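# A closer look at the structure
In case you want the letters, here they are:
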Amino acid sequence: NRCSMPIDFIKEGEKWIPVETGTCEPHQCRKTKQKQETPEETAEEKEDEKTAFLSSVHVPPFPLHALPAKIQFFCHEAAKSLCCPIDFVATPLLTGLGAAIGISKSIQIKPDWEEYAALYTAVVGVPSSKKSPAMKKITPFLAEIEDENQRHNEEARKIYRKQKATYEVAMKIYKKRLEDCMTAEPPDEPEEPKEKKFHVADITVEALAETLENNPRGVFLMRDELTAWIAGQNQYKGGKGSDEQFF
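Residues numbered from 1 in each chain as written. Predicted model: local features only at pLDDT ≥ 70, side-chain atom pairs only at ≥ 80, totals over all residues. Heavy atoms only, no water.

Right, let's talk about the overall build of the protein chain for a bit. Along its length, the protein chain carries nine helices and six strands. Surface exposure of the protein chain reaches about 17,200 Å², of which carbon and sulfur atoms provide 54%. (Helix = DSSP H or I, 4+ residues; strand = E, 2+ residues; numbered from the N terminus. Areas by Shrake-Rupley, 256 points an atom, 1.4 Å probe, with all protein chains shown as cover.)

To continue, consider the side chain of S129. Structurally, the position occupied by S129 is in the loop between β4 (113–116) and α5 (131–136). Here the side chain of S129 touches V126 through a polar contact of 2.6 Å, landing on its backbone oxygen. (Polar contact = N/O pair within 3.5 Å; in protein donor to acceptor, adjacent residues only side chain to side chain.)

Judged by side-chain charge, R157, K158, R161 and K162 come together as a positively charged surface patch. Along the polypeptide, K162 turns up in helix α6 (residues 139–179). (Patch = residues over 30% accessible without salt bridge, like charges linked within 9 Å, V, L, I, M, F, W, Y side chains within 5 Å. Salt bridge = Lys/Arg side-chain N within 4 Å of Asp/Glu carboxyl O. Lys, Arg positive; Asp, Glu negative; His and termini not counted. Charge placed at Lys NZ, Arg CZ, Asp CG, Glu CD.)

This brings us to a negative patch on the surface. A cluster of acidic side chains, namely E44, E45, D48 and E49, defines a negative patch on the protein surface. Within the secondary structure, E44 is located in helix α2 (residues 42–56). Here E44 falls in the partly exposed class, since its relative accessible area comes to 39%. (Buried < 20%, exposed > 50% of the residue type's maximum accessible area, 1.4 Å probe, protein only.)

Bridge count between strand β3 (residues 106–110) and β4: four bridges; the pairing is antiparallel. Among the inter-strand pairings, I107 is bridged to a residue of β4, identified as E115. Connecting β3 to the next strand, β4, in antiparallel fashion are two residues. (Pairing = 2+ DSSP bridges.)

All told, the structure shown has four aromatic pairs when counted by the stated rule. Between F198 and F220, the aromatic rings sit 6.0 Å apart at their centres with planes inclined by 40°, giving tilted as the arrangement. Here F198, found in the loop between α6 and β5 (199–200), pairs with F220, found in strand β6 (residues 220–221); they are 22 residues apart in sequence, far enough to count as distant. With respect to class, F198 is no different from F220; both count as buried. Centre to centre, the rings of W229 and F247 are 5.1 Å apart; their planes meet at 65°, and the pair counts as edge-to-face. Separated by 18 residues along the polypeptide, W229 in helix α8 (residues 226–231) and F247 in the segment after α9 (243–246) bring together distant segments of the chain. Assessed through its relative accessible area of 32%, F247 is described here as partly exposed. Clustering of aromatic rings is evident, with ring pairs tying together W229, F246 and F247. (Phe/Tyr/Trp six-rings, centres within 6.5 Å; stacked < 30°, edge-to-face > 60°.)

Let us now look at unusual backbone geometry. For S128, which is not a glycine, the phi torsion comes out positive at approximately 65°. Following the sequence through the fold, S128 ends up in the loop between β4 and α5. Owing to a relative accessible area of 56%, S128 belongs among the exposed residues under this scheme.

The predicted structure's coordinates, where accompanied by low pLDDT, should not be read in detail. Looking at the protein chain, pLDDT values average 81 and 81% of them are 70 or higher. Counting contacts from residues 25–39, a segment whose pLDDT is below 50, to residues more than four positions away or on other chains yields 16 contacts. (pLDDT = per-residue confidence, 0-100. Contact = heavy atoms within 4.5 Å.)

Here we come to α6. Every α-helix carries 3.6 residues per turn, so stepping three or four residues along brings you back to the same face. For α6, with 41 residues, the first-to-last C-alpha span of 58 Å sits near the 60 Å given by 1.5 Å per residue. Every buried residue of α6 is listed here: L142, E146, N149, N153, A156, Y160, Y167 and Y174. At its buried positions, α6 is contacted by β5 and β6. After α6 finishes, the residue C181 shows a positive phi value of roughly 60°. (Expected span 1.5 Å × (residues − 1).)

Here is the structure:
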């Protein structure tokens, strides 16, 4: 029962420690707002069984104390404002932080074994348990990173256009010298800039491969609905693609 799990923390020194007393207020709790009725259709019965199962699963408190103090504070305040478990905020945030680190850092487990900060996570909960609103709490950070990437991409394209124009003029001069039987060195063609990107959503394996080629540090794939993401895999190849196997 996630509504009875601790969603409040107390600060001891530089760490936030979970307490077992925090619960949702009755007027805030989703369960008090649910209308109790007996479902008549099989689909509704299955949904009710799934909800009952998820509600009965015991989930230990998220180890918030393992995160830096500022991130602890953000997760605590965001979860408290939504009246949702800390996990719903901290999980996507931790995954995004791992993507931001990418392959720039690694831990050497053994001489021939390195691990990067790549995390594959999923937030699972009953309907209307604030999963999506909690995930949206980290979108401002994504927008800030993407805005910076956009400015970088625009500046790189501007420089490339100038270099391209200079190259085309130099190429005309080079061809003219060849026509006049004069020796000349061909000009160096400028390389088209690679687009910097951090956050991807609805993307195919082929497009992801190209994105990773331009961004070898790594990217952050985030989807709000897991079922929609899984159901949409291989759709561009009539069900014959390899998206599902790849992921």
